[in-house]
Amino acid sequence: MPDDDLGEREKEVLRAVVQEYITTGGPVGSQQLTRRGEFEVSSATMRNVLADLEALGFLEKPHTSAGRVPTDRGYRFYVDTLVKLRDPAPRDRELIHAGLVHESSLDDVLSEASRVLHSLTRHAGVVLTPRPDAAVFQRIEFLRLRENRVLAILVGQNGQVHNKAFNLDFPVTSDELVKASNYLSELLHQVPLEEARERIRAEMDQEQALYNALTAKALRLGAAATDLQAPERVLIEGTGSFLEQPEFADVERIRALFRALDEKHKLLHLLDRVQRTREMHVFIGAESEFSAAGDVTVIASPYGTAEAVLGTVGVIGPTRMDYRRVIPLVNFTAQVLSSVLEKV
């Protein structure tokens, strides 16, 4: 039977099983459902409906239990079709605003986003930070650290700040550093960092006689400053929350989960998919990069400015999570984060 052919009774029973299991953490039986008062049917009829849902792959019966729990397919149908989302409570909205709006730098805002989501959901908060070369160049400043070592501070229009320290193999005075900063800030204004490196290389490839000594030094400084190494792009807050969930009481399961979390490239690939599609995603069980651990859901939403999607924000938690509450919290956090970035 296709999912769309489920009858209304089957849909409501599946919704009740998922919500009861999310609340209690234990397998759900027919008598447990009939006691809820939502269904005017006998326990025998309820058992038949549960058996049908199990046969269709929406529920399964754990070993040594008469009750049933949702499968990944059951959760997927619930999230796509049955869940009735709740708007974030006023107090939750206030906490998100208070955490994000008052931070001064982009790095602080992004870190706070992961912290506030962990605090509100008790799941791991996660943020995919913007790619460095996606930043639109605003200005560059040079700070001498030692006689032959300089710190370049690159500032993007969305508040991104990238620092690059490097050694000099040519003499340069403090006054020349200031003039180089002014020259490069004008040359690269409103250019993406990725294109900034190309523009500097193109300038350097021009006939050297066209440039005076100061311009040549400025271009060499700019080339060194914009040769950025990709930093860690995934921020995670609250992975210890998995230890509080009975689903991860098994030592091997929690080890598999933490191994997957340590392999940041898997999470990076998953969150990049959300950024590319420009819409919220809910990855359940084997749909995520954590299938070895099982029972894991990733809810993520893109954030950015009016001009571009910059990254992803979300939570990682057990499949037995309160989707009605968590999905709107992730979505609202992404909205606030986007509005903050417009002003950073």
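Since we're looking at a predicted model, the values are computed, not measured.

1. Focus on the sheet that holds strand S8 (residues 281-284)
Strand order across the open sheet formed by five strands is S7-S3-S10-S9-S8, with antiparallel pairing between neighbours. Of all strands in the sheet, those bounded by a partner on one side alone are strand S7 (234-237) and S8. If you compare each strand with its neighbour and ignore which way they point, the axes differ by 20° on average. Note that strand S3 (residues 124-128) and strand S10 (residues 309-318) share five bridges and pair antiparallel. What sits directly across from Gly 125, in S10, is Val 315. Helix H6 (residues 106-121) rests against S3, S7, strand S9 (296-304) and S10 of the sheet, and its axis sits at about 155° to S3. Docked against the sheet, helix H12 (residues 323-341) engages S8, S9 and S10, running at close to 25° with respect to S9.

2. With respect to the sheet that holds strand S4 (residues 137-146)
One open sheet holds the three strands; their spatial order is S4-S5-S6, and the pairing between them is antiparallel. Each of the sheet's edge strands pairs with one partner strand only, and the pair in question is S4 and strand S6 (161-167). Within the sheet, the average angular offset between the axes of one strand and its neighbour, ignoring direction, is 20°. Two elements, strand S5 (residues 149-156) and S6, share seven bridges in a ladder whose sense is antiparallel. When the sheet's bridge partners are listed, Arg 149 is paired in S6 with Asn 167. Across the sheet, helix H9 (residues 213-225) touches S4, S5 and S6, and the angle it forms with S6 is around 115°.

3. Describing the nonpolar core
Counting residues in each nonpolar core, the largest one holds 54 residues, and the members touching the most others are Val 13, Ile 299 and Tyr 323. Core analysis: the second largest hydrophobic core is formed by 24 residues, Ala 152, Phe 166, Leu 193 and Ala 218 among them.

4. As for the packing of helix H8 (residues 193-205) against H9
Taken N-terminus to C-terminus, the directions of H8 and H9 make an angle of 150°; their axes are 9 Å apart at the nearest point. The chirality of how H8 crosses H9 is left-handed. Every residue of H9 that contacts H8 at Ile 200, Glu 203 and Met 204 is listed here: Leu 219, Arg 220, Gly 222 and Ala 223. Split by residue class, the contact of H8 with H9 holds four nonpolar, one polar and two charged.

Procedures and definitions
- Residues numbered from 1 in each chain as written.
- Predicted model: local features only at pLDDT ≥ 70, side-chain atom pairs only at ≥ 80, totals over all residues.
- Heavy atoms only, no water.
- Pairing = 2+ DSSP bridges.
- Helix = DSSP H or I, 4+ residues; strand = E, 2+ residues; numbered from the N terminus.
- Axes fitted to C-alpha atoms, helices over the stretch in contact; angles between N-to-C directions.
- Contact = heavy atoms within 4.5 Å.
- Core = buried A, V, L, I, M, F, W, Y, C linked by side-chain atoms within 4.5 Å.
- Buried < 20%, exposed > 50% of the residue type's maximum accessible area, 1.4 Å probe, protein only.
- Left-handed = near helix turned anticlockwise from the far one by under 90°.
- Nonpolar A, V, L, I, M, F, W, Y, C, P; charged D, E, K, R; others polar.

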